[in-house]
Amino acid sequence: MADRDEKELSGAANINRRGLLKCMTWAGTGVVWTLSGGVPRTLGLIGGAAAAEAPQGELTFVQISDSHIGFHLPPNPDPRATLTEAIDKIKGMPTQPAFLIHTGDISHLSKEEEWDVADQVIKSANKQVFYIPGEHDVADAENGKAYLARYGKNTNGKGWYSFDMAGVHFIGLINVFEFQPGFKSAGLAKIGDEQLEWLEKDVAGRSASAPIVLMAHLPLWTIYEQWGWGTADAGRALGYLKRFGSVTVLNGHIHQVIQKVEGNVTFHTAASTAFPQPAPGTAPAPGPMKEVPAGELHKYLGIRTVNYVRGKGAPALIDSTLVA
Amino acid sequence: MLTTISSAPHRRRIGMVFGAVGLTALLVAALPELTAAGEAVVAAAATPASVKIDNFTFAPATLTVTAGTTVTWKNEDDSPHRIGDKNGTFKSAALDTDDTFSHTFAGPGEYPYICTIHPYMVGKIIVKPAKPAS
């Protein structure tokens, strides 16, 4: 199993020095993460690297997450401004992404005016955007009706969908409508039976060599049960994907980058564009890290670039902070 | 069933700080007695009962009131929360910081509830029958 992991990961990691330098130039400015033998490690801050040698992947897209438009408290009273910085960063990328994904909590309180602001900022990137909701996007009095009316067109059930791009199969899972309440067991998110049945059918008959990207707002592995950072029925979803050679899970919700490798599945949570949350268990509660000084905020915020090269299996992921 | 949600405009926060002394006096007068187990009992139906939401917890976690009592939840946290009971008897909209939600408990019973945004946050309202007037 260990050998297999290493073999699969060598495709993703691009660990040799030349590959690494390419990654660094491509990233421009920010923190570069890479996977080395299954253990993610950060390569440090890079400033002002030239973009001349940007690798030409067959598919590059960018993940943004947790823009929380409408949040108004420390450490970030103006998440519109930081979302704008994230979008400007994308616009300045030497290899322009084919599209963007937003992994939820677009808004803070499911208000139309919050989504209006987010849409206005994001559309300046001039890219197609695939959204999934966070729990903050379905917190209206009618349990997500407003989100689905606005973002859920041409989707299945309560907003889930899939699509194919450059040979990669993308699945937008929704785990903010159902949950397992914390009365007697851990309070966690749920995908729900109806959606799981859809997922099973959606991937049935697909070639196991097709890379899969699974998007969901809450993490699909239990990062920290005490804070509800997990999905109770994620195991069933991942079970349907066991036979696939490369499964990349992209989550938001916890406002920080945490990664894990399990067989052919790599799990990645993303930074927020609005405010950081504490590392699991390091604070009494998972609320915004209000103590972060204004000058430090951008170190905690970021975007993620995902780059697929045909025949290489798992994608290369680069997390960049919003530090100018 | 009566439910009320009141939104506190964020602009008013400074005003609220100045008003805090008076508010504290009111709250102290209305505060239910806490038992060693952290459970609160509100004896008279006329007494307002309140649950504070802070640091992703409900305080008190279990509140006992008599039938007819109006319970008010106030979100004093930096994160929005949303009250919803297990049986669908009452449900608030998302409460932003400083927003409140009230619900009047007409009938006796136990009402376990959660924050539907953070389902690991749990609380319970126990409603005792109102004492017949003597």
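Residues numbered from 1 in each chain as written. Chains lettered and ligands numbered in written order. Predicted model: local features only at pLDDT ≥ 70, side-chain atom pairs only at ≥ 80, totals over all residues.

Chemist: Whenever I open this one, the interface of chain A and chain B confuses me. Can you help?
Modeler: By a widespread convention, an interface's size corresponds to the accessible area lost as its parts come together. Of the residues lining the interface, 25 residues belong to chain A; the matching set on chain B comes to 21 residues. Considering only residue class, the side of chain A that touches chain B consists of 13 nonpolar, nine polar and three charged. (Contact = placed C-beta atoms within 7 Å. Nonpolar A, V, L, I, M, F, W, Y, C, P; charged D, E, K, R; others polar.)

Chemist: Looking at this model, I keep getting lost on the sheet that holds strand β14 (residues 302-308) of chain A. Mind explaining?
Modeler: In a beta sheet, neighbouring strands are held together by backbone hydrogen bonds and run either parallel or antiparallel to one another. All names here are of chain A. What the five strands build is an open sheet, ordered β5-β4-β3-β14-β15; its pairing is mixed. One side of each edge strand has no neighbouring strand; the edge strands of this open sheet are β5 (129-131) and β15 (316-321). Taking each pair of neighbouring strands and ignoring which way they run, the sheet shows an average axis angle of 25°. Looking at chain direction, strand β3 (residues 59-64) and strand β4 (residues 99-102) are connected through four bridges and run parallel. Counted as the bridge partner of V62 is L100 from β4. With respect to the sheet, helix α3 (residues 79-91) is in contact with β3, β14 and β15, its orientation differing from that of β14 by roughly 30°. (Pairing = 2+ DSSP bridges. Helix = DSSP H or I, 4+ residues; strand = E, 2+ residues; numbered from the N terminus. Axes fitted to C-alpha atoms, helices over the stretch in contact; angles between N-to-C directions.)

Chemist: What is the right way to look at the packing of α3(A) against helix α4 (residues 112-123) of chain A in this model?
Modeler: Helix packing for two helices is described by the angle between their axes and how far apart those axes are. Residue and element names in this part refer to chain A. Running from amino to carboxyl end, α3 crosses α4 at an angle of 25°, the nearest separation of the two axes being 9 Å. As judged from the angle between their axes, α3 and α4 are roughly parallel. α4 is crossed by α3, and the crossing has right-handed handedness. Within the contact between the two elements, α3 uses R80, L83, T84 and I87 and α4 uses V117, A118, V121 and I122. Here the contact of α3 with α4 is built from residues that sort into six nonpolar, one polar and one charged. (Parallel < 35°, antiparallel > 145°, perpendicular 65-115°, else oblique. Left-handed = near helix turned anticlockwise from the far one by under 90°.)

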